[in-house]
Structures are given as C-alpha cells and as structure tokens.
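# Observations on the three-dimensional arrangement
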Amino acid sequence: TTHTWFLGGNHTFHSLALKDVNSSSGTTWMHITNDAVVTVRSEAYLGHMSNQNGAARSRGILDVSCSGRFVVNALNLGGGAITTNRFNRGDLMLRDSASLSAGSVYVGARACATGVLEVADHAVAETSGELRLGLYSNSWGRVTLSGNSSTTIGGVTAIANQSGQGSYGELELKDDACLSLS
C-alpha cells in the first residue's frame, strides 16, 4: 500500500493514474487535504490497471477532505483496458467541505471494474459533463450522497446503460443530500 499526501498549496498534473500498467496488484491512496488544490488537466484514472503478470486487481483511492479541492477534465473510477477479469476498483471520497469539479465522471468504467463515489459532510461535487455508472459488462458503479452534501450534474446521467450484460449502477441519496441535474 502506498500513500501520497497533498497538505495545502496548488498542484497541477497533465494526467494521473493510480495505478499504472507497470504496477503490481495492490492499493494506492492519494489524500488531498487542508485547502490543497490538485488539478489534472486531462484524465484521472483511479484503479486504472495493473498488468504485471496479468494479475490486475489494482485499487486507487482518492480521499479529499478539509476543504481540499480536486479539479479534473475526466475522471474514471475503476478503469483500465476493456479486458475482462481485471477486477480493478477506483474510490473517490469527498468529505468535510471538500469539492470536486470535473468535466465527465465514469464510475465503474470498464469491464469487471468497480467504481465508488461518496460525497458527504458538506462536500460539493460538480460535473459540467456526463455522469455514467456501470459502463461495460460486469461493471458496477455506485454514487452515495449524504450529510448535507451537494452534487450538480451538467450533462447526461446514465445508470447501467452501456454495452455488455450485467452492468450495474446505484445512486443513493440520504441525510439531506441534494442532487441537481441541469
């Protein structure tokens, strides 16, 4: 398990992959906290892929808290190549007044992948593009909004409607959470 922390300041990347194709199976954490701002100009992949010896099973976790901010053009939770039996997982947790500003968000983005997005405790998530849950066969996407959080989706919202069989999507609102579709 690897942990990377951003404890304040502004940080910019062209792209981000937690984990990349050359990595071993396992979990990689990234924490954005204490008013830190992390901007990814292109795409971010959490639980992207690990292909060493064909093992896969990578997990990327992004934890944004304490007024931290994550800005990204496209976000893929549970990604990688469109290959079965990879079992990659991507998690994004926004809490304690944290925020996400994204173009498009794909949760459970590839075959046999799992994606989880949790927005809680006065956090804010905004997309100017689409939100898709469970894109390909045997993928699972889940979004949970709770604790006075606010989420705005500016484009298409699709739940388990892409190619393949057995794709699943869940959208759960509880504890005074607010969802706006525009």
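Refer to the structure presented above.
First, a word on what this report is: a plain description of the structure on this page. Not measured: the values here are computed from a predicted model. (Residues numbered from 1 in each chain as written. Predicted model: local features only at pLDDT ≥ 70, side-chain atom pairs only at ≥ 80, totals over all residues. Heavy atoms only, no water.)

### What about the nonpolar core?
Rules: By convention a nonpolar core is built from buried Ala, Val, Leu, Ile, Met, Phe, Trp, Tyr and Cys residues, the set being connected through side-chain atoms within 4.5 Å. When a residue's accessible area, from a 1.4 Å probe over protein chains only, is under 20% of the maximum for its type it is buried; when over 50% it is exposed; and in between it is partly exposed. Any two residues whose heavy atoms approach within 4.5 Å are treated as being in contact.
Counting residues in hydrophobic clusters, the biggest one holds 33 residues, and the most contacted among them are I32, F70, L75, L92, L94 and L100. Not counting the four nearest positions on each side in its chain, L94 is found in contact with V64, S99, L100, L117, E118, V119, A120, A123, V124 and A125. Ranked by size, the runner-up nonpolar core spans five residues in total, among them Y106, A109, A111 and Y136.

### Description of the pattern of salt bridges
For the record, the criterion: In the sections that follow, a salt bridge refers to a side-chain nitrogen of Lys or Arg positioned within 4 Å of a carboxyl oxygen of Asp or Glu. For the purposes of this entry, the term helix denotes a DSSP run of H or I that reaches at least four residues, the term strand denotes a run of E that reaches at least two, and both are numbered from the N terminus.
Tallying each qualifying case throughout the model produces seven salt bridges. E170 is paired through a salt bridge with R142; the nearest N and O atoms lie 3.4 Å apart. Within this pair, whereas E170 is found in strand β16 (residues 168-173), its partner R142 is found in strand β13 (residues 140-145), the two being separated by 28 residues in sequence. In this structure R142 comes out as partly exposed when scored by relative accessible area, which is 26%. Across the pair R142 and E172 runs a salt bridge whose closest N-O atoms are separated by 2.6 Å. Of this pair, R142 sits in strand β13 while E172 sits in strand β16, and the two are 30 residues apart along the sequence. Given a relative accessible area of 27%, E172 falls into the partly exposed group. When salt bridges that share partners are traced, they join R59, R89 and D91 into one network.

### A look at the sheet that holds strand β6 (residues 58-64)
The condition that has to hold: We call two strands paired when DSSP finds no fewer than two bridges between them. Comment: axis = line fitted to C-alpha atoms, over the contacting stretch for helices; angle = value between 0 and 180 degrees taken between N-to-C directions.
Read from one edge of the open sheet, seven strands run β1-β4-β6-β8-β10-β13-β16, paired in parallel fashion. Edge strands, defined here as strands with exactly one partner in the open sheet, are β1 (2-7) and β16. Averaged over all pairs of adjacent strands, the angle between their axes in this sheet comes to 5°, without regard to strand direction. In the sheet, strand β4 (residues 26-33) pairs with β6 via seven bridges, with the strands oriented parallel. Bridge pairing in β6 places H31 opposite D63.

### Brief notes about the pairing of β6
β6 sits mainly inside the fold: six of its seven residues count as buried. Taken together, the six bridges between β6 and strand β8 (residues 89-94) define a ladder with parallel strand orientation. Bridged to D63 within β8 is M93.

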